[in-house]
Amino acid sequence: MVKIGVLISGGGTNLQAVIDGCENKSINGEVRVVISNKENAYGLERARNHNIKAICEKDENKIIEVLKANEIELVILAGYLKIVSPKLVNEYRNKIINIHPSLIPAFCGKGYYGEKVHQGVIDYGAKVTGATVHFVDEGADTGPIIMQKTVEVKQDDDIKKLAKRVLEVEHEILTKSISMFCENKLTVNGRRVYIND
Ligand code: GRF
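Residues numbered from 1 in each chain as written. Predicted model: local features only at pLDDT ≥ 70, side-chain atom pairs only at ≥ 80, totals over all residues. Heavy atoms only, no water.

Can you help me understand the overall build of the protein chain in this one?
Looking only at helices and strands, one finds 6 helices and 9 strands in the protein chain. Relative to the globule expectation of 16 Å for 197 residues, the C-alpha radius of gyration of the protein chain, 16 Å, shows essentially globular dimensions. Over its C-alpha atoms, taken along the principal directions, the protein chain stretches across nearly 50 × 40 × 35 Å. When the 197 residues of the protein chain are sorted by exposure, 50% land in the buried category. For the protein chain, the computed accessible surface area is about 9800 Å², with 49% contributed by carbon and sulfur atoms. In the protein chain, the 27 positive side-chain charges and the 26 negative ones have mean positions that sit 1 Å from each other. (Helix = DSSP H or I, 4+ residues; strand = E, 2+ residues; numbered from the N terminus. Rg over C-alpha atoms; globule rule 2.2 N^0.38 Å. Buried < 20%, exposed > 50% of the residue type's maximum accessible area, 1.4 Å probe, protein only. Areas by Shrake-Rupley, 256 points an atom, 1.4 Å probe, with all protein chains shown as cover. Lys, Arg positive; Asp, Glu negative; His and termini not counted. Charge placed at Lys NZ, Arg CZ, Asp CG, Glu CD.)

This is the structure in structure tokens:
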């Protein structure tokens, strides 16, 4: 069973999907610690509701200590609104997974997070958006892509409606990607991720 650590900054619906996946055994993993850089992140409450260690910590050196102390083997960034340091990336090379609410390389990178992503999609007049799960490297939303799924942009969409539909897809592909990681089904070769299903 893979020991998982989750970094959050907000409500934690992606975190909840991962916790639920571990509990219903669709993920061969165990969330051992949740770390938030925001004290009032509801995701910390979600962790406590499932008797999971919930820690508020901004200092990335201390975050690495917590991950090591809990023997974490896979780090999930689930609505974590910070670019992780090269130190953390190196410590957990191809063992940090992020979920982004667009089809990378569109509407991603610096300044594109949360609702700003969907605002960009609507303002641009894009017909299709979606979600992306990827390994984290030193850049912002630039690591090798594990899985993507599209979401149609409807003519009467506003940010909230679009975000809701994309969020459902985020939960689906994040849990599927983590499940495959835990079954050793992912192979990274340069920028490409092969799924050995
Ligand atoms: C989601 O759109 C996620 O992709 C983005 O933050 C939003 C909230 O995620 N990073 P969550 O409900 O906190 O998991």
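Got a minute to help me understand the pattern of salt bridges in this structure?
Once the charged atoms of two side chains with opposite charge are near each other, the side chains can pair. Scanning the entire structure with this criterion turns up 12 salt bridges. Between Lys185 and Asp197 there is a salt bridge whose closest N-O contact spans 3.2 Å. Of this pair, Lys185 sits in the loop between helix H6 (159–182) and strand S8 (186–189) while Asp197 sits in the segment after strand S9 (192–195), and the two are 12 residues apart along the sequence. By relative accessible area, Lys185 is classed as partly exposed at 28%. Accessibility expressed as a relative area gives 71% for Asp197, which makes it exposed. Three or more residues joined by partner-sharing salt bridges are found here, namely Lys149, Glu172 and Lys176. (Salt bridge = Lys/Arg side-chain N within 4 Å of Asp/Glu carboxyl O.)

I keep staring at the site of the ligand and nothing clicks. Help me out?
What surrounds the ligand is the set Gly11, Gly12, Thr13, Asn14, Gly79, Pro101, Leu167 and Glu170. With respect to the ligand, the side chain of Thr13 contributes an N or O atom lying 2.6 Å from an oxygen atom. Between the ligand and Asn14, the relevant distance is 2.8 Å, taken from an oxygen atom to a main-chain nitrogen or oxygen of the residue. With the chains in place, 83% of the 360 Å² that the ligand exposes on its own is no longer accessible. Put simply, the parts of the chain that give the shell around the ligand at least two residues each are helix H1 (13–23) and H6. Counted by class, the shell around the ligand contains 2 nonpolar, 5 polar and 1 charged residues. (Near = heavy atom within 4 Å. Polar contact = N/O pair within 3.5 Å; in protein donor to acceptor, adjacent residues only side chain to side chain. Nonpolar A, V, L, I, M, F, W, Y, C, P; charged D, E, K, R; others polar.)

Where do I start with the packing of helix H5 (residues 115–124) against H6 in this structure?
In a pair of packed helices, the angle between the axes and the distance between the axes together describe the arrangement. Put simply, H5 and H6 touch, their axes get as near as 9 Å, and they point 115° apart. Regarding the angle of H5 to H6, the classification is roughly perpendicular. Two packed elements cross with a definite hand, and for H5 against H6 that hand is right-handed. Side by side, H5 and H6 meet where Glu115, His118, Gln119, Val121 and Ile122 of the first sit next to Ile159, Lys160, Leu162, Ala163 and Val166 of the second. Its residues assigned to classes, the contact of H5 with H6 comprises 6 nonpolar, 2 polar and 2 charged. (Axes fitted to C-alpha atoms, helices over the stretch in contact; angles between N-to-C directions. Parallel < 35°, antiparallel > 145°, perpendicular 65-115°, else oblique. Left-handed = near helix turned anticlockwise from the far one by under 90°. Contact = heavy atoms within 4.5 Å.)

Sorry, what's going on with the environment of Val136 here?
Within the fold, Val136 resides in the loop between strand S6 (128–135) and strand S7 (145–152). Sequence separation between Val136 and Glu172 is 36 residues, and the spatial gap between their C-alpha atoms is 19 Å. Discounting residues that sit within four places of it in the chain, Val136 has contacts with Leu77, Val84, Val89, Ile96, Ile97 and Asn98.

Before we go on, may I ask you to explain the sheet that holds strand S4 (residues 74–77) in this structure?
Within a sheet, adjacent strands bond to each other through the backbone by hydrogen bonds, running parallel or antiparallel. Overall, mixed pairing links the 7 strands, which are arranged S3-S2-S1-S4-S5-S6-S7 in an open sheet. Bordering the open sheet on either side are strand S3 (53–56) and S7, each of which pairs with just one other strand. Taking each pair of neighbouring strands and ignoring which way they run, the sheet shows an average axis angle of 20°. Pairing analysis gives 7 bridges linking strand S1 (residues 2–8) to strand S2 (residues 29–36), with the strands arranged parallel. Bridge pairing in S2 links Leu7 to Ile35. Packed onto the sheet, helix H3 (residues 60–69) meets S1, S2, S3 and S4 and runs at close to 160° relative to S2. Contacts from H6 reach S1, S2, S4, strand S5 (96–100), S6 and S7 within the one sheet, and its direction differs from that of S7 by about 155°. (Pairing = 2+ DSSP bridges.)

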